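Architecture and fold: a report
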Amino acid sequence: MGASGGIVRGVFPADNARHSSASYEIAAADQIRLRKEIADAGYTLWGIYHSHPGGVPWPSQVDITQAYYRDLFYVIVSCGPGKPAVGVFRIVNGQVSARPVRILPEA
Ligand SMILES: [Zn+2]
């Protein structure tokens, strides 16, 4: 996810290199490509998103263990059960802190 002025303005998708529904990984080549695409768009790398298709929008133990970027936000989109939900977190040294989310109308 790319941002400017503290607002997420671009979403840059990547394939899950693990091809798993239990964890995710962005391949090194995709990470390089995404960082370039985000910079070329004039944004800074703000966060990493993934989904929990059947779960809650809260980091799993795997998410916490693999949260290597203390300066980024981790966004989790839950698609069920119930209505979709979004959680935003900082994860530092295994500690999760939820952050407020405000969804703005598309400019
Ligand atoms: Zn997760």
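Residues numbered from 1 in each chain as written. Predicted model: local features only at pLDDT ≥ 70, side-chain atom pairs only at ≥ 80, totals over all residues.

Some points on the overall build of the protein chain
The criterion, for reference: Think of it this way: any DSSP run of H or I at least four residues long counts as a helix, any run of E at least two long counts as a strand, and we number them from the N terminus. Exposure criterion: with C-beta atoms placed from backbone coordinates, a residue whose C-beta has 20 or more other C-beta atoms within 10 Å is buried, one with 12 or fewer is exposed, and one in between is partly exposed. Note that contacts rest on C-beta atoms placed from the backbone: two residues are in contact if these are within 7 Å.
For the protein chain, the helix and strand inventory stands at 2 helices and 7 strands. The helix and strand sequence of the protein chain, counted from the amino end, reads β-β-α-β-β-α-β-β-β. Projected onto the principal axes, the alpha-carbon positions of the protein chain cover approximately 35 × 35 × 25 Å. Within the span of the protein chain, comprising 107 residues, buried residues form 9% of the whole. A fraction of 52% describes how many contacts in the protein chain between residues 6 or more apart in sequence connect residues 24 or more apart.

Remarks on the sheet that holds strand β5 (residues 73-78)
Applied cut-off: Paired strands, in this sense, are two strands between which DSSP finds at least two bridges. Angles shown run from 0 to 180 degrees and are taken between the N-to-C directions of axes, each axis being a line fitted to C-alpha atoms and, for helices, limited to the stretch in contact.
The strand order across the open sheet formed by 4 strands is β4-β5-β6-β7, and the pairing between neighbours is mixed. Two strands lie at the open edges of the sheet, namely β4 (47-52) and β7 (95-99), each paired on one side alone. This sheet shows a mean twist of 30 degrees between the axes of neighbouring strands, independent of strand direction. As judged from the 6 bridges shared by β4 and β5, these two strands associate in the parallel manner.

Here's the deal with helix α1 (residues 28-40)
Just so we agree on the cut-off: Residue count minus one, scaled by 1.5 Å, sets the expected span of a helix.
Taking 1.5 Å of rise per residue, the 13 residues of α1 would be expected to cover 18 Å, and the 18 Å separating its terminal C-alpha atoms lies within 8% of that figure. Residue G42 follows α1 closely and has a positive phi angle near 85 degrees.

Re unusual backbone geometry
Even without a glycine there, the phi angle at H19 is positive, about 50 degrees. The class of H19 is exposed, set by 8 C-beta atoms lying within 10 Å. Unlike most non-glycine residues, N93 shows phi in positive territory, near 50 degrees. Relative to the helices and strands, N93 resides in the loop between β6 (85-92) and β7. N93 gets classed as exposed once you count the C-beta atoms within 10 Å, which come to 7.

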